[in-house]
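# Structural overview
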Amino acid sequence: AGTKGLKAAAAKGLPVIIMEPLLGGKLANVPKKAVEIFKKAEITPVNAALKWLWEKKEVTVVLSGMSSVKQLEENIKYSNDTAPLTPTQHKAIIETEKIFKQSYKVPCTGCNYCTPCPNKVNIPGCFAAYNASYANGLITGYQQYITSTSALNSKNSLASNCTSCKLCEQKCPQHIQISKELKKVTHRFFLVSIVFRK
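Residues numbered from 1 in each chain as written. Predicted model: local features only at pLDDT ≥ 70, side-chain atom pairs only at ≥ 80, totals over all residues. Heavy atoms only, no water.

## As for the packing of helix H2 (residues 32-40) against helix H5 (residues 87-103)
This is how it is decided: Only C-alpha atoms enter the line fits that serve as axes; for helices the fit covers just the stretch in contact. Angles between N-to-C directions range over 0 to 180 degrees. The helix and strand labels rest on DSSP assignments: H or I over at least four residues marks a helix, E over at least two residues marks a strand, and numbering proceeds from the N terminus. Oblique is the label for any angle not covered by the other classes, which are roughly parallel (under 35 degrees), roughly antiparallel (over 145) and roughly perpendicular (65 to 115). By definition, residues are in contact when any of their heavy atoms lie within 4.5 Å. Residues are grouped as follows: Ala, Val, Leu, Ile, Met, Phe, Trp, Tyr, Cys and Pro are nonpolar; Asp, Glu, Lys and Arg are charged; every other residue, Gly included, is polar.
Close contact between H2 and H5 brings their axes to 10 Å; oriented N to C, the two are set at 175°. The angle between the axes of H2 and H5 places the two elements in the roughly antiparallel class. The segment H2 lies against H5, with Lys 33, Ala 34, Ile 37 and Phe 38 engaging Ala 92, Ile 93, Glu 95, Thr 96 and Ile 99. Residue classes in the contact of H2 with H5 are distributed as six nonpolar, one polar and two charged.

## Some remarks on the environment of Glu 20
Basically, it comes down to this: Burial classes follow relative accessibility: with a 1.4 Å probe on protein chains only, a residue under 20% of its type's maximum area counts as buried, one over 50% as exposed, and anything between as partly exposed. N or O atoms closer than or at 3.5 Å make up a polar contact, with two conditions inside protein: a donor-capable atom paired with an acceptor-capable one, and, for residues adjacent in sequence, both atoms drawn from side chains.
Position of Glu 20 relative to the elements: it lies in the loop between strand E1 (17-19) and H2. Classification of Glu 20 by relative accessible area gives partly exposed; the value is 31%. Spatially, the C-alpha atom of Glu 20 lies 18 Å from that of Thr 96, the residues being 76 residues apart in sequence. In this structure, Glu 20 is in contact with Leu 63, Thr 109 and Cys 111, ignoring residues within four places of it in sequence. Separated by 3.3 Å, the side chains of Glu 20 and Thr 109 make a polar contact.

## Some points on the layout of surface pockets
Heads up, the rule is: In the cavity and pocket records, a cavity denotes points on a 1 Å grid over the protein atoms alone where a 1.4 Å probe fits but cannot get out, a pocket denotes an open set with protein on both sides within 12 Å along at least 5 of 7 lines, and lining residues are residues with an atom within 4 Å of a point. Grid points are joined across faces, edges and corners, and a volume is the space filled by probe spheres set on the points.
Considered as a void within the structure, the largest pocket measures approximately 1,400 Å³ in volume. When residues of the lining of the largest pocket are traced back to their parent elements, those giving at least two are helix H1 (2-11), E1, helix H3 (45-54) and H5. Per-element tally for the lining of the largest pocket: the top contributor is H5, with seven residues. Its residues placed into classes, the lining of the largest pocket shows 26 nonpolar, seven polar and five charged. Along its surface, the second largest pocket is lined by 17 residues, and Leu 22, Gly 25, Ala 28, Gly 65 and Gln 71 are the ones closest to its centre.

## Focus on a nonpolar patch on the surface
Put simply, the rule reads: Here the term patch refers to residues with relative accessible area over 30% and no salt bridge, with like charges joined within 9 Å and nonpolar side chains (Val, Leu, Ile, Met, Phe, Trp, Tyr) within 5 Å. Each accessible area value is a Shrake-Rupley result obtained with a 1.4 Å probe; residue values ignore everything except the protein chains displayed when judging cover. Take a side-chain nitrogen of Lys or Arg and a carboxyl oxygen of Asp or Glu: if they are within 4 Å of each other, that pair is a salt bridge.
Taken together, Ile 17, Met 19, Val 61, Leu 63 and Tyr 113 make up a surface patch of nonpolar side chains, about 490 Å² in accessible area. Elements that contribute at least two residues to the nonpolar patch include exactly E1 and strand E2 (61-63). Structurally, Val 61 can be placed in strand E2. For Val 61, a relative accessible area of 34% corresponds to the partly exposed category.

## Observations concerning the packing of helix H6 (residues 123-135) against helix H7 (residues 138-148)
Relative to each other, H6 and H7 sit at 170°, their axes nearing to 7 Å. Between H6 and H7, the angle is such that the two are roughly antiparallel. Each of Gly 125, Cys 126, Ala 128, Ala 129, Ala 132 and Ser 133 in H6 lies in contact with H7, whose residues at this interface are Leu 138, Gly 141, Gln 144, Tyr 145 and Ser 148. In the contact of H6 with H7, the residues fall into six nonpolar, five polar and no charged.

## Regarding the side chain of Asn 75
Mapping Asn 75 onto the fold places it in helix H4 (residues 69-80). Classification of Asn 75 by relative accessible area gives buried; the value is 12%. Not counting chain neighbours up to four residues away, the residues in contact with Asn 75 comprise Val 46, Leu 50, Trp 54, Ser 64 and Met 66.

## Observations concerning helix H8 (residues 178-188)
Applied cut-off: Summarising the geometry, the arc corresponds to the directions from the helix axis toward the C-beta atoms.
All of the buried residues in H8 are Ile 178, Ser 179, Glu 181, Leu 182, Val 185 and Thr 186. Buried residues along H8 cover an arc of 155° about the axis, so they all sit on one side. Pointing more than 90 degrees away from the buried face of H8 are the exposed residues Lys 183 and His 187.

## A word on H7
Turning to H7, its buried residues are Gly 141, Tyr 142 and Tyr 145. All buried residues of H7 fall inside an arc of 100° around its axis, so they share one side. Of the residues in H7, the exposed ones pointing more than 90 degrees away from the buried face are Ile 139, Gln 143 and Thr 147. Phi turns positive, to about 50°, at Ser 150, one or two residues after H7.

Shape is all these values report; function is a separate question.
What follows is the structure, encoded as structure tokens:
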């Protein structure tokens, strides 16, 4: 629903709880171009993302998943930083959005609601590798794809195993046309598909 949905909910007096404020961790590991932009703006990508949400009066609470004590400490530090985003930092967010649109072709957050796949496709893993191949280079994407799909195993979970049953699409909160996007993943990593297809 985005900002429009946020404002509509707040107008009705509904509390708004933000899930996955860092896009499933993607905003903690932004493409290299974006890292430089945030350095110049003197803010980390994570702090910028959280501040951007915290500054919106319509937001009731932000749920940020953390997987280490370091991440917890960083989030506590950021929550205590009450200074508003500067114009330079706002500009950095806008510039990074453009980079993300170029780098992250599939808006998958890795929530796993689409799983399990009846054909054992690791849908979030396929999309993460596909996006990484644009954000961090094709070799990185290939490495991630081979690892996340167990390509070397006879019981692999490659994108090419998709039969377009579309059961996953009924469960996707991002409304991604998963079967269509998996075809693009197969095309991107065609060498893996040719060598290791079931």
